[in-house]
Amino acid sequence: MKKKVVVGLSGGVDSSVAAYLLKKDGYEVIGVFMINYKDTVGTLTSSCTWEDDVEFASMIAKKLEIPFHVVDLSEHYKERVIDYMFSEYEAGRTPNPDVLCNREMKFDVFLDKALELGADYVATGHYCQKSTIDKDGQEYSQLIAGADGNKDQSYFLCQLSQDQLNKTLFPIGHLEKPVVREIAREAKLITAERKDSQGICFVGKVDLPTFLQQKLEPKKGNVIEIPNTFSAKKRDFPIEKESFNKHCFEYPYKPWNGKVIGEHNGAHFYTIGQRKGLNIGGYKEPLFIIGTDVKRNIVYVGEGKKHAGLYRQGLFIEHTDMHWIRPDLKLFVGSEQRMDFRIRYRQPLEKGTMYVEEEGVYVLFDNPQRGITPGQFAAWYVNDELIGSGVIK
Ligand SMILES: Nc1ncnc2c1ncn2[C@@H]1O[C@H](COP(=O)(O)OP(=O)(O)OP(=O)(O)O)[C@@H](O)[C@H]1O
């Protein structure tokens, strides 16, 4: 009997080709479009809304002669993604809704809907690959980076579990983007030339400050400039365990050395490394956010993108915020391991060492990292395989 696959059809070229390839491979394919975000607050007029996307998804389903459904999951999305976003920003952290959207929506609520439709698998147009490995008689699913180094989306899936991966297919993960477009052209898919969406979910389709101001009150506070009199040093080997905290948390400057240069609208609207949103002139180089203090409502800035305040040697993750895609590779207290790390989408992998201690997990990088941001996910890889992730404290 043919295996049944529900494909998340987003109206873009990647999921169209994913559905096309699955059909060609002999699967029984069903296309499903999910409505996540229906509000229009903050929507940028230049970008299309879900109504355009659903049109395209439906045309693809018709062309491929597969059944097509639209499911409205906006209530779940509000509870699991939007509310989390507001509370994280309020607490002065910068959440990653894309990662949450995958863990909570596409590979949870949506996956459940797919199983209700009798599916054996869900499939998406993500640029990443799945493989399986047999270890001591036990099978494990592996999340492998996409073959197209420019498009690899494994980072967005860093919070998936074995159960979720077991039921998932990534039909285009072994292909490069230009090849995907070429397949779409040859198959005469209407989405062949459609522009890529700006990030998953809805961020990128809304103006973030406008969106956040629905729930987060503006609150005027001081912007303090920190002079750049420090240099981000290369890591001196070895770093003593006693100084881990210093490397992860301490500012390389004394905030009281700075001077007030302007006002902001609320420290919780700002993110480390951010450049936009400060209307303060008179500087040769742009100003960057190097720290926020939501309790005292202060935003610290520094001039120039190489400002030392933007760099840290390491990061810390609470044990409760640790997630292992490969439970068999989990590190226990007292152990350490060299691995490759990524702290944001599209960042090249960075070498470092993970140290698992009683109080939590430290990652110390070989080179200082720019813009380590609390609330974001750090993901770790062994070769091309993403084996775990955690929320930066
Ligand atoms: N609204 C949606 N309904 C169903 N599936 C979706 C939806 N949005 C995204 N997906 C699935 O998640 C995958 C990754 O989403 P992302 O927004 O990164 O799309 P993308 O890389 O631009 O791909 P596409 O070209 O298919 O839009 C998509 O390929 C699709 O399978």
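Because the structure is predicted, anything quoted here is derived from the model rather than measured. Residue numbering note: each chain is counted from 1, following its sequence as written. Residues qualify for local features only when their pLDDT is at least 70, as the model is predicted, and side-chain atom pairs are given and counted only at 80 or more; totals for whole chains, interfaces and linings, by contrast, use all residues. In computing side-chain values, all of the structure's heavy atoms are included and hydrogens and water are not.

**Q** Residues and numbers for the pattern of salt bridges, please.
**A** The term salt bridge refers to a side-chain nitrogen of Lys or Arg lying within 4 Å of a carboxyl oxygen of Asp or Glu. According to the stated counting rule, one finds 22 salt bridges in the structure shown. The salt bridge involving Asp 328 is made with Arg 326; its shortest N-O contact spans 2.6 Å. Whether a residue is buried, partly exposed or exposed follows from its accessible area with a 1.4 Å probe, protein chains only, as a fraction of its type maximum: under 20%, in between, or over 50%, in that order. Owing to a relative accessible area of 22%, Asp 328 belongs among the partly exposed residues under this scheme. Salt-bridge contacts for Arg 338 lead to Asp 366; the nearest nitrogen and oxygen are separated by 2.8 Å. Note that Arg 338 is positioned in strand 14 (residues 336-342) and Asp 366 in strand 16 (residues 360-370), a separation of 28 residues in sequence. Within the structure, one salt-bridge network assembled from shared partners comprises Asp 14, Lys 151, Lys 177, Arg 181 and Asp 196. Strands here are runs of E lasting at least two residues and helices are runs of H or I lasting at least four, both read from the DSSP assignment and numbered beginning at the N terminus.

**Q** Hey, could you go over the pairing of strand 5 (residues 128-135) for me, with residue numbers and the actual values?
**A** Bridge analysis of strand 5 against strand 6 (residues 138-145) gives 8 bridges, and the strand direction is antiparallel. By the bridge assignment for strand 6, Asp 134 is matched with Glu 139. Two successive antiparallel strands, strand 5 and strand 6, enclose a turn made up of 2 residues, where Asp 136 displays a positive phi of approximately 50°. Following DSSP output, two strands are said to pair if at least two bridges run between them.

**Q** So, the site of the ligand: which residues are in play, and what are the values?
**A** Each residue is tested against the molecule or strand, and it is near if at least one of its non-hydrogen atoms lies within 4 Å. The environment of the ligand is made up of 17 residues, and the closest members are Gly 8, Ser 10, Asp 14, Ser 15 and Met 34. N or O atoms closer than or at 3.5 Å make up a polar contact, with two conditions inside protein: a donor-capable atom paired with an acceptor-capable one, and, for residues adjacent in sequence, both atoms drawn from side chains. Contact between the ligand and Asp 14: an oxygen atom at 2.9 Å from a main-chain N or O atom of the residue. Measuring from an oxygen atom of the ligand, one finds a side-chain N or O atom of Lys 106 at 3.2 Å. When the ligand is considered free in solution it has 580 Å² of accessible area, and contact with the protein chains removes 92% of it. Residue assignment for the shell around the ligand shows that the elements contributing at least two residues are helix 1 (13-24) and strand 2 (28-35). Classification used: nonpolar for Ala, Val, Leu, Ile, Met, Phe, Trp, Tyr, Cys and Pro, charged for Asp, Glu, Lys and Arg, polar for all others including Gly. Partitioning the shell around the ligand into residue classes produces 6 nonpolar, 9 polar and 2 charged. Here the Shrake-Rupley method, with its probe set to 1.4 Å, supplies the accessible areas, and only the displayed protein chains count as covering residues.

**Q** Before we move on, could you go through the layout of surface pockets and cite the residues and values that matter?
**A** Using a probe with the size of a water molecule, rolled over the atoms, empty space left in the structure can be pinpointed. Computed over the protein atoms alone on a 1 Å grid, cavities are sets of points where a 1.4 Å probe fits but cannot get out and pockets are open sets with protein on both sides within 12 Å along at least five of seven lines; a residue lines them when it has an atom within 4 Å of a point. Grid points are joined across faces, edges and corners, and a volume is the space filled by probe spheres set on the points. Reported here for the second largest pocket is a volume of approximately 810 Å³. Looking at the lining of the second largest pocket, the elements that each hand over two or more residues are helix 3 (74-90), helix 4 (97-116), helix 8 (244-249), strand 10 (287-293) and strand 12 (311-317). Of the residues forming the lining of the second largest pocket, the biggest block, 5 residues, is contributed by strand 12. Of the residues assigned to the lining of the second largest pocket, the class counts are 19 nonpolar, 11 polar and 9 charged.

**Q** Help me get a handle on helix 2 (residues 50-64), residues and values and all.
**A** The span expected for a helix works out to 1.5 Å for each residue beyond the first. For helix 2, built from 15 residues, the straight-helix expectation of 21 Å at 1.5 Å per residue is met to within 8% by its first-to-last C-alpha distance of 21 Å. Within helix 2, burial applies to Asp 53, Val 54, Ala 57, Ile 60, Ala 61 and Leu 64. One side of helix 2 carries all its buried residues, which in axial view fall inside an arc of 120°. The contact criterion used throughout is that any non-hydrogen atoms of two residues lie within 4.5 Å. Buried residues belonging to helix 2 abut helix 1, strand 2 and strand 3 (68-72). Phi turns positive one or two residues past the end of helix 2, at Glu 65, with a value near 55°. Each C-beta atom gives one direction from the helix axis, and the arc is the one those directions make.

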